[in-house]
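# Observations on the three-dimensional arrangement
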Amino acid sequence: LIAGAMSFVPMTAMAADLTIGFSQIGSESGWRAAETTVTKQEAEKRGIDLKFADAQQKQENQIKAIRSFIAQGVDAILLAPVVATGWDEVLEEAKDAEIPVVLLDRTVDAPEDLYMTAVTSDLVHEGSVAGQWLVDETAGEKCDIVELQGTTGSSPAIDRKKGFEQAISGHDNLNIVRSQTGDFTRSQGKVVMESFLKAVGGANICALYAHNDDMAVGAIQAIKEAGLKPGEDIKIVSIDSVPDIHLAMANGEANATIELTPNMAGPALDALEAYLADGTMPPKWIQTESKLYTLKDDNMAIYEMKKDLGY
Ligand code: AHR
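These numbers were taken from a predicted model, which means no experiment stands behind them.

With the rule as written, the count across this model stands at two aromatic pairs. Each ring, one from F22 and one from F52, has its centre 5.6 Å from the other, and the planes form 65°; the classification is edge-to-face. Of this pair, F22 sits in strand β1 (residues 19-24) while F52 sits in strand β2 (residues 49-54), and the two are 30 residues apart along the sequence. Here F52 falls in the partly exposed class, since its relative accessible area comes to 32%. Their ring planes at 10° and their centres at 4.0 Å tell us that F164 and Y209 sit as a pair that is stacked. Residue F164 is found in helix α5 (residues 155-168), and its partner Y209 is found in strand β8 (residues 207-210); the two are separated by 45 residues along the sequence. For the pair F164 and Y209, a shared accessibility class is recorded, and that class is buried. A cation over an aromatic ring shows up here: K284 above the ring of Y115, its NZ or CZ 5.2 Å from the ring centre. Over the ring of Y293 we find K291; its NZ or CZ atom is 4.6 Å from the centre of that ring.

Here we come to the state of the cysteines. On inspection of all chains with the given rule, the structure shows one disulfide. Residue C143 pairs covalently with C206 via a disulfide, S to S 2.0 Å. Because the torsion about its S-S bond is -95°, the bridge between C143 and C206 counts as left-handed. Here C206 lies in the loop between α6 (186-200) and β8 and C143 lies in strand β6 (residues 143-149), a separation of 63 residues in the sequence. Overall, C143 belongs to the buried group, its relative accessible area being 1%.

Spatial ordering of the open sheet is given by β7-β6-β8-β9-β10-β12, a layout of six strands whose pairing is mixed. Two strands bound the open sheet, and with one partner strand each, they are β7 (174-181) and β12 (290-294). Within the sheet, the average angular offset between the axes of one strand and its neighbour, ignoring direction, is 15°. Taken together, the four bridges between strand β9 (residues 235-240) and strand β10 (residues 256-260) define a ladder with parallel strand orientation. Directly across from S238, in β10, lies its bridge partner T257. Taken strand by strand, helix α7 (residues 213-225) contacts β6, β8, β9 and β10, and its axis lies near 155° from that of β9.

When you line up the elements, D75 lands in the loop between α2 (59-72) and β3 (76-79). For D75, which is buried and forms no salt bridge, the nearest opposite charge comes from K51, at a distance of 9.8 Å. Of note is the side chain of D75, whose polar atom sits 2.8 Å from the backbone nitrogen of T19.

With that out of the way, let us pick up the site of the ligand. If you check the shell around the ligand, you find E28, S29, W31, R32, D105, R106, P156, R160, F184, N212, D240 and L260 and nothing else. D240 is positioned with one of its side-chain polar atoms (N or O) 2.6 Å from an oxygen atom of the ligand. Relative to its free-state accessible area of 280 Å², the ligand is covered by the protein chains to the extent of 100%. Of all the secondary structure elements, the ones that give two or more residues to the shell around the ligand are α1 (30-45) and α5. By residue class, the composition of the shell around the ligand is four nonpolar, two polar and six charged.

Let us look at the sheet that holds β3. Read from one edge of the open sheet, six strands run β2-β1-β3-β4-β5-β11, paired in parallel fashion. In this open sheet, the two strands that pair with only one neighbour each are β2 and β11 (285-287). Sheet twist, expressed as the average angle between the axes of neighbouring strands with direction ignored, equals 20°. Set on the sheet, helix α9 (residues 265-278) makes contact with β1, β3, β4 (101-104), β5 (117-120) and β11; between it and β3 the angle comes to about 160°.

Cut-offs used in this document
Residues numbered from 1 in each chain as written. Predicted model: local features only at pLDDT ≥ 70, side-chain atom pairs only at ≥ 80, totals over all residues. Heavy atoms only, no water. Phe/Tyr/Trp six-rings, centres within 6.5 Å; stacked < 30°, edge-to-face > 60°. Helix = DSSP H or I, 4+ residues; strand = E, 2+ residues; numbered from the N terminus. Buried < 20%, exposed > 50% of the residue type's maximum accessible area, 1.4 Å probe, protein only. Lys NZ or Arg CZ within 6 Å of the ring centre and 35° of its normal. Disulfide = S-S within 2.5 Å. Pairing = 2+ DSSP bridges. Axes fitted to C-alpha atoms, helices over the stretch in contact; angles between N-to-C directions. Contact = heavy atoms within 4.5 Å. Lys, Arg positive; Asp, Glu negative; His and termini not counted. Salt bridge = Lys/Arg side-chain N within 4 Å of Asp/Glu carboxyl O. Polar contact = N/O pair within 3.5 Å; in protein donor to acceptor, adjacent residues only side chain to side chain. Near = heavy atom within 4 Å. Areas by Shrake-Rupley, 256 points an atom, 1.4 Å probe, with all protein chains shown as cover. Nonpolar A, V, L, I, M, F, W, Y, C, P; charged D, E, K, R; others polar.

Printed below as a string of structure tokens:
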């Protein structure tokens, strides 16, 4: 057992006997939709009865769903937490009921003994890969950047901002001139980009950093409607690697993306099955890969390959 870990009582259960609750944030992005699809597929493949609850972007709905899973006596809970704070009480309740909780794709600001493991990418690293890409791309030339942040208070919005800022710090040619949340949605990405273009002037914006691809895709539309060429007049780097950003890259309308796998459930269910079978405790963090794609890649082929995967 990991020091300080909760004392779950392992039980002998085959996957086919397992009932697992999944509290999903909602469907704000193509990436999120793919994660939902993959999680359902992974559960079905293993004969797991997955109880799915869509929180419509609200933490209070997630807390209600977790309480309902506890009342139903599920074997485990998967939680993709919309924001980082405010989880201690309900996670304590799950711990008291001896139900292991696995975090998917986002982290929480709560004591580590309140959850079994977190399956996430290195969110700070993703931001720094985006920042380093821009450092290399601009090669010392002055570049004013606008930033579309993810959902306020969510760990990817906090960490992707931090990583990007760390990577560009010390490069005086690079400055973030506007930064605002677009809530990880395509529609808000467009609206906020329109306001950036108005406030700063399209000719004064050299690059857009968006915390996810969906906001970048919305922003691309706004840039086109303003009579500018996305990818050329304004360079675009974002995160997720959803099919539509690869299509935009194939058309020269976006420049780089960092891949986040939607398959968080595979490693999460592996860990839960092992634990529930014989008590094997996973590491506190199961890290997924972050791969950079640029215009050097065959983006049309990647688009074709990904578009049928549930995005
Ligand atoms: O937590 C992962 C982020 O949440 C994805 O990058 C974004 O698209 C999603 O909504």
